There are 2 protein chains.
Amino acid sequence: MTKWVYGFGGGSAEGRSEMRELLGGKGANLAEMSNLGLPVPPGFTITTEVCTAFYDNDRNYPADLNDEVETALKAVENLVGRKFGNVADPLLVSVRSGARASMPGMMDTVLNLGLNDDTVEGLAAVSGDRRFAYDSYRRFIQMYGDVVLGVEHYNFEEILEIHKEDKGYVLDTEMSADDWQEIVEGFKAKVAEELGRPFPQDPREQLWGAIGAVFGSWMNARANTYRRLHNIPASWGTAVNVQAMVFGNMGNECATGVCFSRNPSTGENRFYGEYLINAQGEDVVAGIRTPAPLTKIEREESGSDLLSMEEAMPAVFADLVAVRDKLEAHYRDMQDMEFTVESNRLYMLQTRSGKRTAKAALRIAVEMCDDGVISRDDALMRVDPAQLDQMLHPTLDPDAEKQVIGMGLPASPGAASGQIVFSAEVAEDWAHNKGRKVVLVRIETSPEDIAGMHAAEGILTARGGMTSHAAVVARGMGKPCVCGAGAIKIDYRGGTMNAGGVMLKEGDVITIDGGTGEVMLGEVATLKPDLSGDFSQLMEWADGVRRLKVRTNAETPEDAETARGFGAEGIGLCRTEHMFFDPARIISMREMILAETEAGRRVALAKLLPYQRQDFIDLFRIMKGLPVTIRLLDPPLHEFLPHGDNEIAEVAKAADVSESIVRRRLLDLAESNPMLGHRGCRLGISYPEIYEMQARAIFEAAIEVSKAGGDQVIPEIMIPLVVGKKELEILKAAIVKVASEVEAEQSAKLTYLVGTMIELPRAALRAGDIAEEAEFFSFGTNDLTQTTFGLSRDDASHFLDTYIAKDIFAGDPFVSLDQEGVGELIALAAERGRKTRPDIKLGICGEHGGDPSSIAFCEAQGLDYVSCSPYRVPIARLAAAQAALKK
Amino acid sequence: MTKWVYGFGGGSAEGRSEMRELLGGKGANLAEMSNLGLPVPPGFTITTEVCTAFYDNDRNYPADLNDEVETALKAVENLVGRKFGNVADPLLVSVRSGARASMPGMMDTVLNLGLNDDTVEGLAAVSGDRRFAYDSYRRFIQMYGDVVLGVEHYNFEEILEIHKEDKGYVLDTEMSADDWQEIVEGFKAKVAEELGRPFPQDPREQLWGAIGAVFGSWMNARANTYRRLHNIPASWGTAVNVQAMVFGNMGNECATGVCFSRNPSTGENRFYGEYLINAQGEDVVAGIRTPAPLTKIEREESGSDLLSMEEAMPAVFADLVAVRDKLEAHYRDMQDMEFTVESNRLYMLQTRSGKRTAKAALRIAVEMCDDGVISRDDALMRVDPAQLDQMLHPTLDPDAEKQVIGMGLPASPGAASGQIVFSAEVAEDWAHNKGRKVVLVRIETSPEDIAGMHAAEGILTARGGMTSHAAVVARGMGKPCVCGAGAIKIDYRGGTMNAGGVMLKEGDVITIDGGTGEVMLGEVATLKPDLSGDFSQLMEWADGVRRLKVRTNAETPEDAETARGFGAEGIGLCRTEHMFFDPARIISMREMILAETEAGRRVALAKLLPYQRQDFIDLFRIMKGLPVTIRLLDPPLHEFLPHGDNEIAEVAKAADVSESIVRRRLLDLAESNPMLGHRGCRLGISYPEIYEMQARAIFEAAIEVSKAGGDQVIPEIMIPLVVGKKELEILKAAIVKVASEVEAEQSAKLTYLVGTMIELPRAALRAGDIAEEAEFFSFGTNDLTQTTFGLSRDDASHFLDTYIAKDIFAGDPFVSLDQEGVGELIALAAERGRKTRPDIKLGICGEHGGDPSSIAFCEAQGLDYVSCSPYRVPIARLAAAQAALKK
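Residues numbered from 1 in each chain as written. Chains lettered and ligands numbered in written order. Predicted model: local features only at pLDDT ≥ 70, side-chain atom pairs only at ≥ 80, totals over all residues. Heavy atoms only, no water.

Undergrad: So, the overall build of chain A: which residues are in play, and what are the values?
TA: On a plain count of helices and strands, chain A comes out with 34 helices and 34 strands. Over its C-alpha atoms, taken along the principal directions, chain A stretches across nearly 105 × 60 × 50 Å. Looking at chain A residue by residue over its 887 residues, the buried ones come to 57%. Within chain A, contacts between residues separated by at least 24 positions form 67% of all contacts whose residues are at least 6 apart in sequence. Carbon and sulfur atoms make up 49% of the accessible area of chain A, which amounts to about 34200 Å² in all. With 92 positive and 133 negative side-chain charges, chain A shows a spacing of 5 Å between the two charge centroids. (Helix = DSSP H or I, 4+ residues; strand = E, 2+ residues; numbered from the N terminus. Buried < 20%, exposed > 50% of the residue type's maximum accessible area, 1.4 Å probe, protein only. Contact = heavy atoms within 4.5 Å. Areas by Shrake-Rupley, 256 points an atom, 1.4 Å probe, with all protein chains shown as cover. Lys, Arg positive; Asp, Glu negative; His and termini not counted. Charge placed at Lys NZ, Arg CZ, Asp CG, Glu CD.)

Undergrad: Lay out the domain arrangement of chain A in plain terms, naming residues and giving numbers.
TA: Domains assigned within chain A are domain 1 (51-244), domain 2 (255-356), domain 3 (393-527) and domain 4 (546-579 + 617-633 + 700-886). Each of domain 2 of chain A and domain 4 of chain A was reduced to a C-alpha centroid, and the two centroids are 50 Å apart. (Domains from an automatic or database assignment.)

Undergrad: Any details on the packing of helix H33 (residues 852-860) of chain A against helix H34 (residues 873-886) of chain A? Residues and values, ideally.
TA: Two quantities define a packed helix pair, namely the angle between the axes and the distance from one axis to the other. Residue and element names in this part refer to chain A. At a minimum axis separation of 9 Å, H33 and H34 run at an interaxial angle of 50 degrees. Viewed along their axes, H33 and H34 adopt a mutual orientation that is oblique. As for the relative orientation of H33 and H34, their crossing is right-handed in sense. In contact with Pro852, Ile855, Ala856 and Glu859 of H33, H34 contributes Ile875, Ala876, Ala879, Ala880, Ala883 and Ala884. (Axes fitted to C-alpha atoms, helices over the stretch in contact; angles between N-to-C directions. Parallel < 35°, antiparallel > 145°, perpendicular 65-115°, else oblique. Left-handed = near helix turned anticlockwise from the far one by under 90°.)

Undergrad: Quick one: what's the story with the UniProt feature "binding site: Mg(2+)" (unreviewed entry) in chain A, residue by residue and with numbers?
TA: All names here are of chain A. If you check UniProt for "binding site: Mg(2+)" (unreviewed entry), the listed places come out as Glu759 and Asp783 in our numbering. The greatest C-alpha distance among the residues just named is 5.4 Å, despite their covering 25 residues of sequence, which places them together in space. By secondary structure assignment, the location of Glu759 is in the loop between strand E31 (753-758) and helix H28 (761-765). If near-sequence neighbours (up to four positions away) are discounted, Glu759 is found in contact with Arg679, Pro720, Leu721, Gly780, Asp783, Leu784 and Thr787. (UniProt positions renumbered as here; feature names shortened; annotations may be inferred.)

Undergrad: Explain the packing of helix H5 (residues 130-149) of chain A against helix H6 (residues 153-167) of chain A to me, using residue names and the numbers behind them.
TA: Residue and element names in this part refer to chain A. H6 packs onto H5 with a crossing angle of 150 degrees between their chain directions and a minimal axis gap of 8 Å. Classified by the angle between their axes, H5 and H6 sit roughly antiparallel to one another. Contact residues: Arg138, Ile141, Gln142, Gly145 and Asp146 in H5; His153, Phe156, Glu157 and Leu160 in H6. A breakdown of the residues in the contact of H5 with H6 according to their chemical character gives three nonpolar, three polar and three charged. (Nonpolar A, V, L, I, M, F, W, Y, C, P; charged D, E, K, R; others polar.)

Undergrad: Quick rundown of the pattern of salt bridges? Include the residues and the values.
TA: Residues and elements named next belong to chain A. In this structure the tally under the stated criterion is 136 salt bridges over all chains. The closest approach of N and O atoms between Glu328 and Arg262, which form a salt bridge, is 2.9 Å. Linking Glu328 in helix H13 (residues 314-331) with Arg262 in the loop between strand E9 (255-260) and strand E10 (272-277), this pair joins segments that are 66 residues apart in sequence. A relative accessible area of 10% means that Glu328 is categorised as buried. (Salt bridge = Lys/Arg side-chain N within 4 Å of Asp/Glu carboxyl O.)

Undergrad: Account for the UniProt feature "binding site: substrate" (unreviewed entry) in chain A, naming residues and giving values.
TA: All names here are of chain A. UniProt's feature table lists "binding site: substrate" (unreviewed entry) at Arg575, Arg631, Glu759, Gly780, Thr781, Asn782 and Asp783, given in the numbering used throughout. Here Asn782 is to be found in helix H30 (residues 781-789). Judged by relative accessible area, Asn782 falls into the buried class, the value being 17%. Dropping the residues within four chain positions of it, Asn782 is found in contact with Arg793, Phe814, Gly846, Glu847 and His848. Relative to the assigned elements, Asp783 resides in helix H30. Judged by relative accessible area, which is 11%, Asp783 ranks as buried. The contact partners of Asp783, leaving out residues within four places of it in the chain, are Met675, Arg679, Leu721 and Glu759. Polar contacts involving the side chain of Asp783 include one to the side chain of Arg679, which spans 2.8 Å. (Polar contact = N/O pair within 3.5 Å; in protein donor to acceptor, adjacent residues only side chain to side chain.)

Undergrad: Describe a negative patch on the surface, naming the residues involved and giving the relevant values.
TA: Residue and element names in this part refer to chain A. On the surface, Glu425, Glu448, Glu639, Glu647, Glu650 and Asp794 cluster together into a negatively charged patch. The residue Glu647 is located in helix H23 (residues 645-655) in this model. Given a relative accessible area of 33%, Glu647 falls into the partly exposed group. (Patch = residues over 30% accessible without salt bridge, like charges linked within 9 Å, V, L, I, M, F, W, Y side chains within 5 Å.)

Undergrad: Quick one: what's the story with helix H8 (residues 203-217) of chain A, residue by residue and with numbers?
TA: All names here are of chain A. For H8, with 15 residues, the first-to-last C-alpha span of 21 Å sits near the 21 Å given by 1.5 Å per residue. All of the buried residues along H8 are Pro203, Gln206, Leu207, Ala210, Ile211, Ala213, Val214, Phe215 and Ser217. By the N-cap criterion, in which a side-chain oxygen at the helix start approaches the backbone nitrogen of a residue two or three places on, H8 is capped by Asp202, the distance to Arg204 being 3.0 Å. (Expected span 1.5 Å × (residues − 1).)

Undergrad: For the packing of aromatic side chains, give the residues involved together with the corresponding values.
TA: Residue and element names in this part refer to chain A. This model, assessed by the stated rule, comprises 42 aromatic pairs over all chains. Arranged with centres 5.7 Å apart and planes meeting at 85 degrees, the rings of Phe140 and Phe199 form a pair that is edge-to-face. Placement of Phe140 in helix H5 and of Phe199 in the loop between helix H7 (177-195) and H8 is noted, with a sequence separation of 59 residues between them. Residue classification places Phe140 among the buried residues on the basis of a relative accessible area of 0%. Residue class for Phe199 comes out buried when judged on its relative accessible area of 3%. Among the aromatic residues, those joined into a cluster by ring pairs are Phe54, Tyr55, Tyr61, Trp208 and Phe215. (Phe/Tyr/Trp six-rings, centres within 6.5 Å; stacked < 30°, edge-to-face > 60°.)

Undergrad: Provide a residue-level description of the relation of the copies chain A and chain B, including the pertinent values.
TA: At an RMSD of 0.2 Å, chain A and chain B line up after a rotation of 180 degrees and a shift of 0.2 Å along the axis. Accordingly, the operation relating the two chain copies is best matched by a two-fold axis. For chain A, the residue whose C-alpha comes nearest the rotation axis is Asn673 of chain A, separated from it by 2.1 Å. Comparing interface residues between copies, 98% of those in chain A also sit at the interface in chain B, which points to an isologous, same-surface contact. (Least-squares fit on C-alpha atoms with pLDDT ≥ 70 in both.)

Undergrad: Got a sec to walk through the interface of chain A and chain B? Specific residues and values, please.
TA: Residue-level contacts link 51 residues of chain A with 50 residues of chain B. Among the residues of chain A in contact with chain B, Asn673, Leu676 and Arg762 of chain A are the three that bury the most area, contributing 14% of the side total. Linking chain A with chain B are eight salt bridges. Of the charged contacts in the structure, one is a salt bridge between Asp818 of chain A and Arg762 of chain B, with a shortest N-O distance of 2.7 Å. Inspection of the chain A/chain B interface yields 28 residue pairs in polar contact (both at pLDDT 80 or more). Secondary-structure elements contributing two or more residues to the side of chain A that touches chain B are helix H24 (659-669), helix H25 (681-686), helix H27 (725-746), H28, H30, helix H31 (800-805) and helix H32 (822-836) of chain A. (Buried area = accessible area lost by both parts, 1.4 Å probe.)

Undergrad: Describe the sheet that holds strand E19 (residues 458-461) of chain A, listing the residues and the values that go with them.
TA: All names here are of chain A. Taken together, eight strands build an open sheet; the order of strands is E15-E25-E24-E17-E18-E19-E20-E16 and the sheet is mixed. The sheet terminates laterally at strand E15 (404-407) and strand E16 (409-412), the two strands that pair on one side only. Geometrically, the sheet is characterised by an average inter-axis angle of 30 degrees between neighbouring strands, direction not taken into account. Here five bridges tie strand E17 (residues 415-421) to strand E24 (residues 509-513), and the two strands are oriented antiparallel to one another. The residue bridging Ser417 from the neighbouring strand is Thr511, located in E24. Sitting on the sheet, helix H16 (residues 424-433) touches E17 and strand E18 (438-442), and the angle it makes with E17 is about 110 degrees. (Pairing = 2+ DSSP bridges.)

Undergrad: Mind laying out the sheet that holds E10 of chain A, listing which residues take part and the relevant values?
TA: Residue and element names in this part refer to chain A. Taken together, five strands build an open sheet; the order of strands is E11-E10-E9-E12-E13 and the sheet is antiparallel. Looking along the sheet, the strands with just one partner apiece sit at the ends: strand E11 (292-293) and strand E13 (345-353). Taken together, the two bridges between E10 and E11 define a ladder with antiparallel strand orientation. Among the inter-strand pairings, Glu274 is bridged to a residue of E11, identified as Pro293. Against the sheet, H13 contacts E9, strand E12 (335-342) and E13, and its axis sits at roughly 30 degrees relative to E13.

Undergrad: An account of the environment of Met245 of chain B is requested, with residue identities and associated values reported.
TA: All names here are of chain B. Within the secondary structure, Met245 sits in the loop between strand E7 (238-244) and strand E8 (255-260). Taking the C-alpha atoms as reference points, Met245 and Ala133, separated by 112 residues in sequence, lie 13 Å from one another. With residues near it in sequence (within four places) discarded, Met245 still touches Leu92, Val93, Ser94, Leu111, Asn112, Gln280 and Glu342.

What follows is the structure, encoded as structure tokens:
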């Protein structure tokens, strides 16, 4: 027979902390604290299985539930020495929901249940405080009326406000026992008026009403939405906790508070919290009174004039410290606890693992490990990799004053200040030639702005979402970026921006916080990231356990250096096209595109060769023998041509052709769907000379670096956008030919790999054939996601929010890999590729390479490495370690 | 031990016609004819396995080949009674290649091999014709020099021309024996000069040289290209046929000719062919002399003044007729034969199945079946479905005069004449209001031109390939279309077009032939298609054996009627968006798009509802209870908005909003990659009211048609572009709700299906889940191909030709389904869908539904139906029958 109810209290419990699934988080920890002998008011938990049975059985309870509740209630009565509904000395209880995972949107709490017109008098008599009794009763009616009976809160607020006005009171504390009694009458009348029946007086009816409200709220709209968004199955159900009331509001020997076993902000191993004398829990939350610090040192440090608990209630405080020590030692993690003091006696109402900042998480994990409380593996699992991003960028000084003049999306973390510039050219000019710090402000950005974005301290755009060009590129660069700040009106021609009525012009200083989306006037002080100490310690441990290598996506020496600093073990994706946007090179690039013949293209490419060679020399030197994967030219050629009239004229002049030729070429190259167009290896097939030049640049650079005494360079040349084996066969042959030529010219021997991106569904399907040619695969999950979903990343913003809101997508598939769809193609390609070539090297590049859940997927698939933008390298290192540990 | 050489002649052979793989087509049929006792000059076939061994063994022949050739040669010598190389009475031979499939690009033929300075005199003596002997010798040097020794043809031509000039001759017939002897000397000197060694005099050296040239040509560039394009594996190899020479040029009792057992143009069961007296085979091909008709009746019908063979050589002709009868009865198919008459004796040199027109193919198949020669199944297999397209459209009268003024791509078959119009609006106006026949001439077309394309007799565009908008839409409509006629310059403003120097203006008449790509001045007479008789007979047989249903893609009553006429069994794809481009509707459509609120959209949609309802009423009536699959709105909304300044102004005025609102909406809706954008069910999710209106129109129409006494309509409502189950779940619920409302309003009961397109890789992967909601799948192979390949159909023309030329693609994947990639996704989706819902209805729509090889794939996958454009319905019916037979 199923057991539906689990009692706790009196130094023992029927449950344990491991029974979280059955008892919910709160119930399991209440049981655990009881078992530990901690002072927990007795009570019982109605299990999550009752919730499931309730919904499976058309909202009816299991037949024997009533008996089990009665038995459990009797046990509580015996422990407390009061009887539920007893008029002389009533047992009052709280009723709280408690799901496996904390879940907003559900009914939370009803306190003081069991009060009615009779028992309130008993409470008055026993407590000796009639005002307290009636205050408690009116609180009960208010809470129960709102959350159980559905009489909205404002109905009660109104009655209370009118009463206070009539009496000329300002504060609730001015209310007398009689006042509260009058309020109770008013509340009861209101409930009767709203519902057409009186407020329930029978405590059992009250209890079942509250239990029913908790179970009912499991399926309300908000809870359903929350569950969908957080992938919580409805079948989990919620538990209900019924617990004897203790009162923190029965006078000055009473109190209530919340505390953390360590500082949740800094991680410092020092008891931390706040409390209120003579208050009920909800008062702390409501913020009507300012809570006092828990410890003396906190009071001193904060300069508070409120007496700390350590000073005001030293004995009870000592008990609390003992509880803190016991709980932390027991759970081996920083605890977030709630307590109440009734007449100088401490009661524990809740404990759970405390939320913490990244900094605190790191410090706690490392210190607990150093103290031998937890293992290194445990320490690694304790830090959320995504949180690390907070640590890697400058942050606003929390003490600095700031005037927020606009808000956008927090697109790329970090804070930056600088002078406003409205074009990439000015950004470069001011930054490089005048040594100024600038913030690039654009309506939106395009690939031509890359150099300007690099030169700027941060980027602000008026348009675009979290996956807009600005956002993606800025994250890749680790530049702070606020995007989609729609209320900021930018006038390029006037050289001004209007932010919330503040008119700013080029050269004015602003500060942006890419972690919050705030735009601020003037320079706001920032703090530099500190990556030594706990951070580097944890990273070292992570490196000790992870199997996946972590590379970076980088094409500039700056990015490569940054990534090395963050621990990257090579370059997994060097996008060579980014190298052509430099003003000195774009001219030759355009000359190449405008050429009518292969010979003409070769002339232009010959001018690009020295630049490309130097690019690779720089990268190879920085990477000191680590692998460098270079993707040959990928974007469609029209991306390199200008579109405005003036620019067309300039280009025509520079290339010494007529404007009409430029315009005709633009028209020739125009595409309806550039993402699915003439790009990737399709360019290499159409214009073999482009890839030949790039291959030559790579090989010449490799030889030069090796000859100059550097580590031997083993470049990995990557062909993008293949749909099958044949393209690779043709292009690989051309690359091998160039390699032989360079070897002969330079009398040197080259070692290199030729591989491919798997970024189209067909390539994944044909991976078995492709592996006959490819020495490695790199999963290009950005494009693979675009094509598998038929979803353009640039256009998805039109409906992505709707899709997430309607639970069609669990999240943005460009952020976290779609394991069910795209993931199946990756798994299949890995399997087929390995079947053909057992030692094929497999990696992933693209945004997903820095996303923890996607990294876990890569570990499960046994890939060799992930590659991500430099600022995500530490995240990937930790995520890879966690994935290895989970495996 | 492998047998390398197979002899034939003298009434028997070592080979048979079934040994085509080993002996090649020519060798197998020579053997077969020998076995049949037909007069075949004796010879032997060196097998294709020698070719394979030759290449496998670094271009060396098998050790025992020489002995086998000698033995076979001796057998030929014995049969002929002459010896190879014998000076007094030499055996001469021909050497011909013969692969399994006819293959241009390879060495074809060397005749008269065995002649040298000595044997030529023997030939002169034996034949009594010295001129003939030296003419034969010079022909041999010329042919052998060119194809075996690589001395180019012009070298010989030059010597002959100079000689004739010197002598003052015009015709070769003026050349005497001495002249030819002089020429022989000149030819030999030229060969020695070019090669640095004399022309080979040893007959065995000549023979092995020719054999080596045939095998060598198997791997030359042209042959390699041809094989790649036609998917012929290199491993097949070619055979070499060595055969005793017979001479059709030894005087007036000699002749040579080609003939067909039935008329290859009309299919009529009448002997047909042409011949030349006193000539060698190459003379017929060279076209120097005009061949004469074979039969008397042919001569009479053609009014030829050349005596027919029937009249000139009645006895030999009677022999040939007997051979014809024997071969057709034996092969049970129309034969294409080559023969030579030497001194009134008939020799057969070749027989094979004859190429034929569609009309002939049909007639021959039906008549042979009626005569009991072949079975119905054989008859069905004898007609190439793709050929049928020729039959379905008007064709140019072959007797009509025509002045071609331009050429484009043959984008959609059929011939059409009409007055030139340069805009869709004028096309509609002239056609509908003035009853004129027009040809729509555009630089390129867009969806807004659909109505004008419908109104026109044919379409001509200056830009775009075989899969351009104009081409695809015209094929769908069955309209003749010539596209990409780049040399035609169109001036919209001036209302003129310049075609090859001919300047035409609006209203001038042209004729286009969409089967050839020709553009002609004025009206050229056309012939109407005749679909009765053999055509309808074969179709009836096809319907008797096929399992796959054939539906059509249609949204207009015209197309639906056409398709029914062609035998469509329902509509598989009704693209509702095409219904909104009508001028009366586009206004409301744009009003809907410009509305700021759902309420505003609903107002506009209410105006569209009656139109949509009437659309469906029309289609349901035409389809008389057959299934109709309706795809809800699919394209991105910006496709319905105009882009030119004038049109923007018009739309703003019509919608009573400011131009800036139209422009802003245009900007809002603009997409980088519309193919991967906010379209398909994504619109239904964002704007549920659109699909609700469409569902209502469908349901109201179904009830109206059923109530009016028509057959019961069971509409199949199709949701496009899903990526998983959830979208379908949401949208199906909305459709079911509308159905219930309509049922309640009309007091009627609806029967309908709700299903989905599987047109994205993710949908194919998630088909198992999707089938929980979907009652049918329709594979949208156009989009599935685009996304699987990451290849935009609109942009593919930039490199598709290169990809095909380089053998990366076997063909255009938008024409013939890519079975290796896209096909795997279809197979997987079918399997997963059926696992969830065993009776799920599966079909395919999109261009591939009318492609025979794709239809065979659909049959193999056990799909329920294919759907194609109306004019491809007969093709699909036959292809489906063939697929069923092959299975």
